[in-house]
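Descriptive structure summary
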Amino acid sequence: MTNKTLISATINGEPVEFLCEPHQSLLECLRDILGLTGTKEGCNDGNCGACSVLLDGQLVNSCLVLGVEIQGRAVTTVEGLADWRGLHPIQQAFLEADGFQCGFCTPGILIATKALLDREPDPTEADIRAWLSGNLCRCTGYDKIVRAVQAAACRLYAECEVNV
Amino acid sequence: MNAQANKPFTVVGERLPRYDGADKVTGKAIFGPDVALPGMLHGFILRSPHAHARILSIDTSRAEALPGVYAVVTAADLPPAESTDHRYAHDNTFAGDKVLYVGHAVAAVAARTPPIAEQAARLIEVEYEVLPAVTDVLEAMRDDAPILHDDMRTHSLAGRGDKPSNVASHFQQLKGDPARGFAEADVIIEREFHTATVHQGYIESHAALATWSDDGVLTVNTTTQGSFAFRDHLVWLLDLPMSKVRVIPTEVGGAFGGKNTSYLEVPAALLARKARRPVKITMPRPDVFLATGPSSGAFFRVKMGATRDGHITAAQAELCYAAGAYPGSPVGSGANVMFGPYVIPHGQVDGYDVVTNGPRVSSYRAPGGTPANFAAETVIDELAEKLGLDPIEFRLRNHAKEGDERIDGGTHGSIGGIEVLEAAQACDHYNAPLSGPNRGRGVAHAAWGNWGGRSSCTLSVNGDGTVSLVTSSVDLSGTRTTIAMQAAEALELPPERIRPSVGDTDNTGYADVSAGSRTTYATGIAAIQAAEDIIVQMEARAAALWDVPAERVTYARGVFASGTDQRFTFAELAEQVTGSGGSVSSIANVDVAEWGAGFSTHIADVEVDPETGKVTLLRYTVVQDVGQAVHPTMVEGQMQGGATQGIGWALYEGYAYNEQGQMLNANFLDYKIPTALDVPMIETVIVEVPYPKHPFGVRGVGEPPIVPPPAAIANAIYRAIDVRPTHLPMTPAHLLEKLGLIES
Amino acid sequence: MNHDSWREVSAMATVYIPSLMRDLSGGQDKISVPGKTVAQVIEALDAVCPGVKARVADGNHLAPGVAVSVDGVIARLGLRAPVKAGSVLRFLPVIEGG
């Protein structure tokens, strides 16, 4: 007998079905069952943000969500940002601003940025730092990440020049 | 300016998009934990709960019997060790008769799923006899300290010790006559400092996937700074022929020295061989803190003397570094950082490498340098103040120049330390007013040696005039781009024509680890050499096609010419060459024996809350000599990232232990690395004093910026609240203690 | 001038004696000895200052934690590293980068 549950959910806009055990986190389901390895594990206890995804548009640490909890819900991961038109403006802004070095925290930061800009189209530096304080980066010192978010806001919502 | 060729750069110095950028911002880049193979098993490592204990017995039978378990391994599965170094490496892979730190690996299990592997590991019965543990370096040096290795005697050039000790070695650097030097001083400052163990804190954990072919070839996919270093380690520990081990590096999610050392590869290989299936092991975050290679906790005693007119007459330091369970702390490079930038007429440095019950330390970005600089630059600051001199002016007055002799007996090569200090003196931040209560500005300066070493680069010309570049140098943060840029510069081609990639041990030449600020520098030299050879080969091919002597053919700005009206663009010639008789490619293997040191000055403005001891960083500037910035945006990123690690080291990070030697904060909540809220925008001033032995003047960039932050912040805190911190991290509790508001 | 002794002197390497070993060198901080490899130089030095070899070498390797630089460059080959006439040797603690 199995203790696995059949989960039906929407991931990056597409219907998905998979089997998972009660103890498996959403992070584990995404990476190990669905093969979506863009979302990363950094600590597995909700303290680094590398596993950030959007769950029904809310920013969550997927290591703190169980796979069974996403039944009937929608998840957005880094794999869902680019589409048939190309890279998402947030991704383009990070490329131009060099807002990453090793790239490991980057998926989580991009998702967190999307969550911020979905709510606040014109964030201040303080807003950005507060919003991203749940995403640890060890490489950049955050400076170019903040500039990338500012540039992304410009791209999405305004005609403006940002000094990156 | 390309001084060597006497023309302006066309590629070097530009802010180009990174070649690996698209994969990094889409999550497509494959990191260590992302690799998987069909049928693979999952490994779990059983680790010691005790900081110091004898292993009386290990019984793996219940684990082996659990359904879903394919293999269990212990130290008994490793070939026997020979030399002392081999014994230490063997022992750190799986403990032999003792465990020496909490987290010390004792056994490993491979099973069908991670929960089964963990469950099985917990069924392994280990009988321990717990022994007293020692985690503090000074405690470990006491005569009555618990001894980790009964056969350890202190090695020093003064002779070998005759009784068991935790002091593995002692060295001394001596120049002149310190007693005389101090006698000549008008002001003498003597201080002691304690610094805690810190971890590199990379966000990607360690991960390795091992597979054996049926003809005995081991392949390991792993996140590593050095595929060849890891191959060497596997060959050594498993006694295998080098040609039968292939290490394939993945993308790396942060390393900073901590992935120079192999931890999971040998256990994964042993399990995979026993199970006859691929085995993947990823390290849980607490194990990363407990059982990889943090940087040394340390103790310093520093004494410096200077005359009233601001000249240092003597300097003396004692450095005691905790190595963890086996010898090998970076006390030697810490000693070189100590008074590194200055002319010291009379100096003595004594360094002690001490084993303690903790994980064996590994390199962390400028190994040993940051805490040593904290100690020395705090004392320099105090000296300057007592002499009534501006902190930068005092440093300028005593700064070394090329040819000056250091305390360790070496001489300075081409260095840009004075230029860096002058740029700091002139920069916006240093001249901006700072007012308000409990606010202060501090400065610190550091010299870091950098490194050259062995690198390999292959260039192959494609039929359309593009060039493929393959290197064994693992790319940690963008070096495939900086190396490709140097190749493009040397080939006089646009950078889009180069396609760089990182190979593995089966298809590239040997490289030292990507560490020590060497990769852009030394692998760049290899790329330039390969490029020059490509041009020579192409000139010869053009000569053959034109039927002229090869010496008549020249190459400039992308065009081959013969002195008459015959010409080919690079692409036109490439099309001819590969279409008629074989491609043009070149491999350059270098061992770069000389390199330029990197100097850095940091300026920090802080505000301290005198009631809580909380420090807020108001403004921060990094000034650094990089020789020639290949990619200025990436150089700025290195300066900002290194400084932020140093800021964490200064204010927030440090291993905390209980009396049983157990680490209390082995997670990202309680071991606090800086978040976006903890740092301001970090201003950067790039100084370029070209290093003459690199064709483009490049110096290493990655390590220097982590060295000065704690001293800069400590000196700022002093000017804010009138107390000098002597402990890292400079926590609120430490500052309140210095203010006399709480007891220690 | 005796050309043989001139040739001998110029074939020497100069070894800087670390402070902790000056009890063996009678306080001298540098000594010239012949040798074509680091191992040979150490043997020659040990003949003049008995006990030096036991301090810096451990069988076929340099002693733990000890490195040697030849003309300013750390000798990767250790005891087997080549030494030229006029070379300068120094014993140093092992250094690393990360």
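If you're wondering where the values come from, they're calculated on a predicted model, not measured in any experiment.

Turning our eyes to something else, we now look at the overall build of chain A. For chain A, the count of helices and strands is five helices and five strands. Here chain A has a C-alpha radius of gyration of 16 Å; the compact-globule value for 164 residues is 15 Å, and the two agree. For chain A, the C-alpha atoms occupy an extent of roughly 60 × 30 × 25 Å along the three principal directions. When the 164 residues of chain A are sorted by exposure, 55% land in the buried category.

Regarding its fold elements, chain B presents 20 helices and 28 strands. Over its C-alpha atoms chain B spans a radius of gyration of 27 Å, differing by no more than 12% from the 27 Å that the globule rule assigns to 744 residues. With respect to the three principal axes, the spread of C-alpha positions in chain B is 85 × 75 × 50 Å. Long-range pairs, those at least 24 residues apart, make up 79% of the contacts in chain B between residues at least 6 apart in sequence.

Turning our eyes to something else, we now look at the interface of chain B and chain A. For interface size, the figure often reported is the accessible area lost on association. Listed as interface residues are 41 residues of chain B and, on the opposing side, 40 residues of chain A. Put simply, the parts of the chain that give the side of chain B that touches chain A at least two residues each are helix H1 (21–26) and helix H18 (632–651) of chain B. Element by element, the count of residues in the side of chain B that touches chain A is highest for H18(B), at eight residues.

Of all eight residues in helix H10 (residues 331–338) of chain B, eight are buried, a share of seventy percent or more. When we look at burial in H10(B), the residues that qualify are B:Val331, B:Gly332, B:Ser333, B:Gly334, B:Ala335, B:Asn336, B:Val337 and B:Met338. Here the buried face of H10(B) lies against strand E8 (167–175), strand E15 (312–324), strand E16 (346–355), helix H11 (369–386) and strand E17 (439–448) of chain B together with strand E7 (88–93) of chain C.

Let's shift gears to the interface of chain B and chain C. Tallying the contact residues gives 34 residues for chain B and 21 residues for chain C. Of all the elements in the fold, those that place two or more residues in the side of chain B that touches chain C are strand E7 (155–156), E8, H10 and E16 of chain B. Each residue belonging to the side of chain B that touches chain C can be placed in one class, and the counts come to 13 nonpolar, 16 polar and five charged.

All names here are of chain B. Pairing is mixed across the open sheet formed by seven strands, whose spatial order is E7-E8-E16-E15-E14-E9-E28. This sheet does not close on itself; its edge strands, each paired only once, are E7 and strand E28 (727–728). Looking at chain direction, strand E9 (residues 187–195) and E28 are connected through two bridges and run parallel. Paired with Thr-195 across the bridge in E28 is Leu-728.

Residue and element names in this part refer to chain A. Domain annotation for chain A reports domain 1 (5–80) and domain 2 (89–157). The gap between the C-alpha centroids of domain 1 and domain 2 is 21 Å. The interface of domain 1 with domain 2 comprises 15 residues on the first partner and 13 residues on the second. With three residues, strand E3 (residues 52–55) is the single largest residue contributor to the side of domain 1 that touches domain 2. Across the side of domain 1 that touches domain 2, the residue classes tally to seven nonpolar, seven polar and one charged.

A few words now on helix H16 (residues 519–546) of chain B. Taking 1.5 Å per residue, 28 residues should reach 40 Å; H16(B) reaches 39 Å between its end C-alpha atoms and fits that length. Just beyond H16(B), the residue with positive phi is B:Asp547, at close to 55°.

Before going further, it helps to spend a moment on the domain arrangement of chain B. Residue and element names in this part refer to chain B. By the assigned domains, chain B splits into domain 1 (32–131 + 205–252 + 259–291), domain 2 (298–450 + 596–738) and domain 3 (452–592). On a C-alpha basis, the centroid separation for the pair domain 1 and domain 2 is 37 Å. Each partner contributes residues to the interface: domain 1 has 15 residues there, and domain 2 has 17 residues. When residues of the side of domain 1 that touches domain 2 are traced back to their parent elements, those giving at least two are helix H3 (84–93) and helix H9 (285–291). Ranked by residue count, the leading element in the side of domain 1 that touches domain 2 is H9, at five residues. A per-class count over the side of domain 1 that touches domain 2 returns nine nonpolar, five polar and one charged.

Each strand in a sheet pairs with its neighbour through backbone hydrogen bonds, running either in the same direction (parallel) or in the opposite one (antiparallel). Residue and element names in this part refer to chain B. The strand order across the open sheet built from three strands is E21-E22-E23, with neighbouring strands paired in antiparallel fashion. Two strands bound the open sheet, and with one partner strand each, they are strand E21 (554–556) and strand E23 (567–569). Averaged over all adjacent pairs, the angle separating strand axes in this sheet is 20°, with direction ignored. When E21 meets strand E22 (residues 559–561), the two strands line up antiparallel, connected through three bridges.

In this section: the packing of H10(B) against H11(B). Residue and element names in this part refer to chain B. At a closest axis distance of 8 Å, the pairing of H10 and H11 adopts a crossing angle of 35°. Considering only the axes of H10 and H11, their crossing is right-handed. The segment H10 lies against H11, with Ser-333, Gly-334, Val-337 and Met-338 engaging Gly-369, Pro-371, Ala-372, Asn-373 and Ala-376.

Once that is clear, we can look at the confidence of the model for chain B. Confidence in the prediction for chain B averages 97 pLDDT; 99% of positions are at 70 or higher. Interface predicted TM-score (ipTM) for the complex: 0.97; the corresponding pTM is 0.97.

Let's shift gears to the pairing of E9(B). Pairing of E9(B) with strand E14 (residues 298–306) of chain B involves nine bridges; the strand directions are antiparallel. In the strand pairing of E14(B), B:His194 is matched with B:Phe299.

What follows deals with the environment of B:Trp595. Residue and element names in this part refer to chain B. Within the secondary structure, Trp-595 is located in the loop between strand E24 (585–592) and strand E25 (598–608). Assessed through the 25 C-beta atoms surrounding it within 10 Å, Trp-595 is described here as buried. In this structure, the C-alpha to C-alpha distance between Trp-595 and Gly-216, residues 379 residues apart in sequence, is 41 Å. Beyond its immediate chain neighbours, meaning those up to four positions away, Trp-595 contacts Asn-450, Trp-451, Gly-452, Tyr-521 and Gly-700.

As a further point, take the nonpolar core. The nonpolar side chains of a soluble globular protein tend to be buried with one another. Counting residues in hydrophobic clusters, the biggest one holds 289 residues, and the most contacted among them are B:Val109, B:Ala268, B:Leu319, B:Val354, B:Ala487, B:Ile713 and B:Ile717. The biggest single contributor to this core is H16(B), with eleven residues. Beyond its immediate sequence surroundings of up to four residues, B:Val354 is in contact with B:Val137, B:Ala140, B:Met141, B:Asn166, B:Val167, B:Ala168, B:Cys320, B:Tyr321, B:Ala322 and B:Ala323. Core analysis: the second largest hydrophobic core is formed by 27 residues, C:Val33, C:Leu45, C:Ala57 and C:Leu92 among them.

This next bit is on unusual backbone geometry. Between B:Leu728 and the following residue, B:Pro729, the backbone shows a cis peptide bond with an omega angle of 0°. Locating B:Pro729 in the fold gives a position in the loop between E28 and helix H20 (732–738). The backbone of A:Asn44 sits at a positive phi, close to 65°, despite the residue not being glycine. One can find A:Asn44 in the loop between helix H1 (26–33) and E3.

Turning our eyes to something else, we now look at the pairing of strand E2 (residues 14–20) of chain A. Residue and element names in this part refer to chain A. Judged from the seven bridges that link them, strand E1 (residues 5–11) and E2 form a sheet pairing that is antiparallel. Directly across from Ala-9, in E2, lies its bridge partner Val-16. Here E1 hands over to E2 after two residues, with Asn-12 in that stretch at a positive phi of 55°.

Here we take up the packing of H16(B) against helix H17 (residues 570–579) of chain B. A pair of packed helices is characterised by two quantities: the angle between their axes and the separation of those axes. All names here are of chain B. H17 packs onto H16 with a crossing angle of 75° between their chain directions and a minimal axis gap of 10 Å. Comparing the axis directions of H16 and H17 gives the class roughly perpendicular. Where H16 abuts H17, its residues Met-538, Arg-541, Ala-542 and Leu-545 lie against Leu-573, Gln-576 and Val-577. Residue classes in the contact of H16 with H17 are distributed as five nonpolar, one polar and one charged.

Scoring rules and cut-offs
- Residues numbered from 1 in each chain as written.
- Chains lettered and ligands numbered in written order.
- Predicted model: local features only at pLDDT ≥ 70, side-chain atom pairs only at ≥ 80, totals over all residues.
- Helix = DSSP H or I, 4+ residues; strand = E, 2+ residues; numbered from the N terminus.
- Rg over C-alpha atoms; globule rule 2.2 N^0.38 Å.
- Buried ≥ 20, exposed ≤ 12 C-beta atoms within 10 Å, placed from the backbone.
- Contact = placed C-beta atoms within 7 Å.
- Nonpolar A, V, L, I, M, F, W, Y, C, P; charged D, E, K, R; others polar.
- Pairing = 2+ DSSP bridges.
- Domains from an automatic or database assignment.
- Expected span 1.5 Å × (residues − 1).
- Axes fitted to C-alpha atoms, helices over the stretch in contact; angles between N-to-C directions.
- Left-handed = near helix turned anticlockwise from the far one by under 90°.
- pLDDT = per-residue confidence, 0-100.
- Core = buried A, V, L, I, M, F, W, Y, C linked by C-beta atoms within 7 Å.
- Parallel < 35°, antiparallel > 145°, perpendicular 65-115°, else oblique.

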